[in-house]
Amino acid sequence: MAQTRFFGLVLLTLAIGVQALTPSHYLSLSDVARLQALLNQPFTNLESAYYSIVGLSKLGASVGDESNACHFLKSQLDPESIDSLFFAVESAQALSECEIPVSNETRDILLAAVSEDSTVAQIHRAVSALSSLGLPLASQEVVSALAARITKEDNVLAITLALQTAARLSQQAELGGILEEIEDLAARLDDLGGVFLQFEEGLEATALFVTAAYSLSDHVDMEPPLKEDQVIQLVNSIFSKKSWDSLAEAFSVASAAVALSNNRFHVPVIISTHGSASVSHRQPTLQLLVTDVLSQPLASASVLVESAYAVASKSIILTQAPFTLRDGVFELNFMANQPASGYYQFTVAVIGDSRLVGNHVELKVKVSTEVAITNMDLSVVDKDQSIGTKTTRVEYPFKAKSSFTADSHQNFAMSFQLLDVNTGVELTPHQTFVRLHNQKTGQEVVFVAEPDSKNLYKFELDTAERRSEFDSMSGTYALHLIVGDATLENPVLWNVADVVLKFLDEEAPATIQAKTLYVPKPDINHLFREPEKKPSTVVSNTFTALVLSPFLLLLILWFKLGANISNFSLSPSSVLFHVGHAAMLGLMYVYWTHLNMFQTLKYLAIIGSLTFLAGNRMLAQKAVKRIAAEQSSRLAKYRSLR
């Protein structure tokens with residue numbers, strides 16, 4: 001017995017303390033249908049035909065008319081283009097009866113592309129076409145060419161294509177160096193909140209990497225260096241997006257989904273409830289769906305409840321219980337364990353295949369029940385106990401035949417019990433309220449009914465102490481009992497009785513006279529601030545003279561020193577520059593008197609542009625004249641020296 005308790009405690013500790021990362025995104029059946037619809041589009045070129053035909057083939061579907069598709073491939077094929085050959089040959093491989101004719105010249109073009117001078121993309125497409133055509137190629141030479149190109153094209157897409165290319169080569173080739181690139185690429189993934197893992201290049205690059213990594217790992221029969229949490233994060237990242245921007249992106253998602261569903265090492269498990277995660281005596285069976293990321297059932301899987309404990313009490317109610325597979329759905333009759341209503345935390349494990357990833361999940365299951373109200377007793381208690389108490393029992397869901405009257409010398413009392421209809425166990429729902437509703441004024445007052453140590457709910461209303469909550473409004477109040485809980489299948493709103501409450505007249509609030517809202521308002525007389533007195537004319541004129549004095553001083557100095565205007569040129573650029581400069585000064589004055597800022601900026605942009613161009617032209621002409629004069633001076637000096 002002690003060992004059993006210890007074992008249960010260990011399971012509970014693991015269930016509470018360990019929250020394993022599980023796939024939260026996948027392709028539902030409707031997602032797969034939308035993905036197929038996107039891929040099944042009319043062909044516009046060989047590339048779109050490749051994405052559609054091969055993408056649908058990966059999802060187990062096919063194009064509508066394969067003969068027309070094959071004819072399209074042949075009609076669009078350029079036998080001298082590596083890209084054209086790749087798209088056509090790979091697409092033809094996915095069709096049932098479609099063969100692309102290849103000449104010796106075409107074969108030589110493909111073989112010539114396998115060199116260090118070609119890009120990784122060209123090598124990949126050439127090798128893929130040769131492999132699909134069944135033509136021989138030197139795998140080790142391809143490995144050498146890829147290794148050389150990776151050092152030059154050190155980016156995610158190029159290395160991913162190198163991985164896909166290596167998966168088409170002979171297993172006797174030295175593929176270890178390229179296989180190590182999987183770990184290097186995994187180190188470049190960005191971790192987003194511990195839930196998503198992706199390249200900064202986006203969804204397409206991430207999905208193609210997953211496809212290439214598992215394709216090469218399956219080819220060499222070596223597990224990829226990806227941790228379980230990394231695989232789950234990649235799954236969440238790839239399948240969190242439900243609308244795809246292009247055929248290429250949809251194709252990459254379809255390829256990744258197939259790779260994650262069918263490989264030798266890692267198969268992420270999607271565990272979801274079939275229907276709601278709720279059981280009751282009417283529906284005692286908990287049903288689970290166990291699928292891959294394409295929502296296809298895992299036939300070899302078995303489902304086991306490692307532990308199930310009550311969230312409220314932390315008491316374990318079930319351990320090591322298997323589910324039963326019926327028509328593709330795993331079922332467990334949890335109500336056979338007679339759990340009390342409430343929430344239970346399940347730790348579910350999917351076993352039966354060593355490849356399964358994310359096969360331990362936490363589920364919160366609700367056990368629902370129905371509530372019964374019993375022993376509903378209503379009474380009016382005299383405070384000085386001079387009058388004996390009379391108790392009336394009311395049966396749910398009927399209303400008391402007579403009303404109850406209570407004044408300031410009496411208390412109204414109410415008591416009842418809440419039981420589980422199915423087990424007879426006493427219940428304590430989260431919400432148990434008593435509502436008093438004034439039938440004339442519409443006023444409502446709500447109180448909380450609380451259970452005692454024996455789970456007997458009691459409510460007592462002292463009219464003298466509670467009069468402020470009723471605004472001392474005497475009258476007939478409808479008494480309602482409200483019982484609610486998330487685990488109740490039959491929440492209760494019961495009109496139990498009518499209660500007449502009488503408050504003392506002196507305690508009643510004075511009648512408030514109705515105010516007439518639509519009457520003229522008194523005039524508001526506002527006195528604006530009187531403007532300040534203007535300065536005298538003498539002060540204004542003196543200030544103006546001081547402002548203009550620098551300009552007058554400038555004219556005097558020009559006259560005394562002698563203004564040199566001999567270098568002024570009458571060329572159009574010079575005249576336009578000075579006119580533009582004067583126009584800008586004039587514009588400042590007009591801005592001060594008439595214009596606003598936006599109007600001024602518009603005119604200034606026009607005048608300033610012309611002034612700038614004219615000034616630039618004028619300065620250039622002066623520079624040319626100055627340089628010519630200097631050259632003439634040096635030439636004259638040189639001649640004089642001779």
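Here goes a summary of the coordinates provided.

### Side note on helix H14 (residues 247-261)
Every α-helical turn comprises 3.6 residues, leaving residues that sit three or four positions apart pointing alike.
And step 1. With 15 residues, H14 extends 21 Å between its outermost C-alpha atoms, agreeing within 8% with the 21 Å of an ideal straight helix rising 1.5 Å per residue.
And step 2. Across the 15 residues of H14, 14 count as buried, placing the element largely inside the fold.

### A closer look at the packing of helix H7 (residues 120-133) against helix H9 (residues 156-166)
Two quantities define a packed helix pair, namely the angle between the axes and the distance from one axis to the other.
And step 1. Viewed as axis vectors pointing N to C, H7 and H9 meet at an angle of 20°, and their least axial separation amounts to 9 Å. Classed by the angle they form, the pair H7 and H9 counts as roughly parallel. Relative to H9, the crossing made by H7 is left-handed. Residues Val 120, Ala 121, Ile 123, His 124 and Val 127 of H7 touch H9, and the partners they reach there are Ala 158, Leu 161, Ala 162, Gln 164 and Thr 165.

### Some remarks on the side chain of Ser 252
And step 1. Checked against the element boundaries, Ser 252 lands in helix H14.
And step 2. The class of Ser 252 is buried, set by a relative accessible area of 0%.
And step 3. Apart from residues no more than four positions distant in its own chain, Ser 252 is found in contact with Glu 204, Ala 207, Leu 208 and Thr 211.

### Some details on the packing of aromatic side chains
And step 1. This structure, assessed with the given rule, holds 17 aromatic pairs.
And step 2. Aromatic pair Phe 334 and Tyr 344: ring centres 5.4 Å apart, planes at 75°, arrangement edge-to-face. With Phe 334 in the loop between strand S10 (329-333) and strand S11 (342-351) and Tyr 344 in strand S11, the pair connects residues that are 10 residues apart, well separated along the chain. This pair shows no difference in class: Phe 334 is buried, exactly as Tyr 344 is.
And step 3. Judged by centre distance (4.9 Å) and plane angle (70°), the rings of Phe 334 and Phe 346 are edge-to-face. With a gap of 12 residues between them, Phe 334 in the loop between S10 and S11 and Phe 346 in strand S11 connect regions that are remote in the sequence. Both residues of the pair, Phe 334 and Phe 346, count as buried.
And step 4. Members of the aromatic cluster, each reached through a chain of ring pairs, are Tyr 50, Tyr 51, Phe 86, Phe 87 and Phe 251.
And step 5. The ring of Tyr 343 is capped by Lys 364, whose NZ or CZ atom sits 6.0 Å from the centre of that ring.

### A few points about the pattern of salt bridges
And step 1. All told, the structure shown has 17 salt bridges when counted by the stated rule.
And step 2. Across the pair Asp 31 and Lys 242 runs a salt bridge, and its minimum N-O distance is 3.1 Å. A residue pair is termed long-range when its members are at least 10 positions apart, and Asp 31 in helix H2 (residues 29-39) and Lys 242 in the loop between helix H13 (228-239) and H14 qualify at 211 residues.
And step 3. For Glu 90, the salt bridge is made with Arg 168, and the minimal N-O distance between the two is 3.4 Å. Placement of the pair is Glu 90 in helix H5 (residues 82-94) and Arg 168 in the loop between H9 and helix H10 (176-179), with a sequence separation of 78 residues.
And step 4. Residue Glu 90 is classed as buried on the basis of its relative accessible area, which comes to 14%.
And step 5. Sharing partners across several salt bridges, the network here consists of Asp 31, Arg 34 and Lys 242.

### Observations concerning the state of the cysteines
And step 1. Counting across every chain of the model gives 1 disulfide.
And step 2. For Cys 70, the disulfide goes to Cys 98, at an S-S distance of 2.1 Å. Note on the Cys 70 and Cys 98 pair: the S-S dihedral is about 85°, so by sign convention the disulfide is right-handed. Residue Cys 70 is found in helix H4 (residues 66-76), and its partner Cys 98 is found in the loop between H5 and helix H6 (104-112); the two are separated by 28 residues along the sequence.

### Here we look at the sheet that holds strand S14 (residues 371-382)
And step 1. Across the sheet, 5 strands lie side by side as S15-S14-S17-S21-S20; this open sheet has antiparallel pairing. Of all strands in the sheet, those bounded by a partner on one side alone are strand S15 (390-394) and strand S20 (450-451).
And step 2. Taken together, the 2 bridges between S20 and strand S21 (residues 457-462) define a ladder with antiparallel strand orientation. Bridged to Pro 451 within S21 is Tyr 457.

### Considerations on the layout of surface pockets
And step 1. Each pocket or cavity is described by its volume, and for the largest pocket that value is around 780 Å³.
And step 2. For the largest pocket, the lining is made up of 32 residues, of which Tyr 50, His 124, Gln 164, Leu 208 and Phe 251 are closest to its centre.
And step 3. Contributions of two or more residues to the lining of the largest pocket are made by helix H3 (46-58), H5, H7, H9, helix H12 (203-220) and H14.
And step 4. A total of 8 residues in the lining of the largest pocket trace back to one element, the largest contributor, which is H12.
And step 5. Grouping the constituent residues of the lining of the largest pocket by class yields 17 nonpolar, 8 polar and 7 charged.
And step 6. Size it by volume and the second largest pocket reaches roughly 540 Å³.
And step 7. Broken down by secondary-structure element, the contributors of at least two residues to the lining of the second largest pocket are S11 and strand S13 (360-367).
And step 8. Looking at the lining of the second largest pocket residue by residue, the classes come out as 13 nonpolar, 12 polar and 4 charged.

### Quick look at the environment of Asn 333
And step 1. Inspection of the secondary structure puts Asn 333 in strand S10.
And step 2. With 132 residues separating them along the chain, Asn 333 and Glu 465 place their C-alpha atoms 52 Å apart.
And step 3. Contacts of Asn 333, omitting those with residues within four sequence positions, involve Pro 284 and Thr 285.

### Observations concerning the sheet that holds S11
In a beta sheet, neighbouring strands pair by backbone hydrogen bonds and run either parallel or antiparallel.
And step 1. With mixed pairing, 5 strands are arranged side by side in an open sheet as S5-S13-S11-S7-S8. Two strands close off the open sheet at either side, each with one partner strand: strand S5 (278-279) and strand S8 (316-322).
And step 2. Of the pairings in the sheet, the one linking S11 to S13 comprises 8 bridges and is antiparallel in character. The partner of Gly 342 across the bridge, within S13, is Val 367.

### Remarks on a nonpolar patch on the surface
And step 1. Residues Phe 551, Leu 552, Leu 554, Leu 555, Ile 556 and Trp 558 make up a contiguous nonpolar surface patch of roughly 600 Å² in combined accessible area.
And step 2. Among the secondary structure elements, Leu 554 is positioned in helix H15 (residues 537-561).
And step 3. Overall, the relative accessible area of 34% leaves Leu 554 in the partly exposed class.

### Focus on a negative patch on the surface
And step 1. A cluster of acidic side chains, namely Asp 190, Asp 191, Glu 200 and Glu 201, defines a negative patch on the protein surface.
And step 2. With respect to the helices and strands, Glu 200 occurs in the loop between strand S2 (196-198) and H12.

Rules of the game
Residues numbered from 1 in each chain as written. Predicted model: local features only at pLDDT ≥ 70, side-chain atom pairs only at ≥ 80, totals over all residues. Heavy atoms only, no water. Helix = DSSP H or I, 4+ residues; strand = E, 2+ residues; numbered from the N terminus. Expected span 1.5 Å × (residues − 1). Buried < 20%, exposed > 50% of the residue type's maximum accessible area, 1.4 Å probe, protein only. Axes fitted to C-alpha atoms, helices over the stretch in contact; angles between N-to-C directions. Parallel < 35°, antiparallel > 145°, perpendicular 65-115°, else oblique. Left-handed = near helix turned anticlockwise from the far one by under 90°. Contact = heavy atoms within 4.5 Å. Phe/Tyr/Trp six-rings, centres within 6.5 Å; stacked < 30°, edge-to-face > 60°. Lys NZ or Arg CZ within 6 Å of the ring centre and 35° of its normal. Salt bridge = Lys/Arg side-chain N within 4 Å of Asp/Glu carboxyl O. Disulfide = S-S within 2.5 Å. Pairing = 2+ DSSP bridges. 1 Å grid on protein atoms, 1.4 Å probe; cavity = no way out; pocket = protein on both sides within 12 Å on 5 of 7 lines; lining within 4 Å. Points joined across faces, edges and corners; volume = space filled by probe spheres on them. Nonpolar A, V, L, I, M, F, W, Y, C, P; charged D, E, K, R; others polar. Patch = residues over 30% accessible without salt bridge, like charges linked within 9 Å, V, L, I, M, F, W, Y side chains within 5 Å. Areas by Shrake-Rupley, 256 points an atom, 1.4 Å probe, with all protein chains shown as cover. Lys, Arg positive; Asp, Glu negative; His and termini not counted. Charge placed at Lys NZ, Arg CZ, Asp CG, Glu CD.

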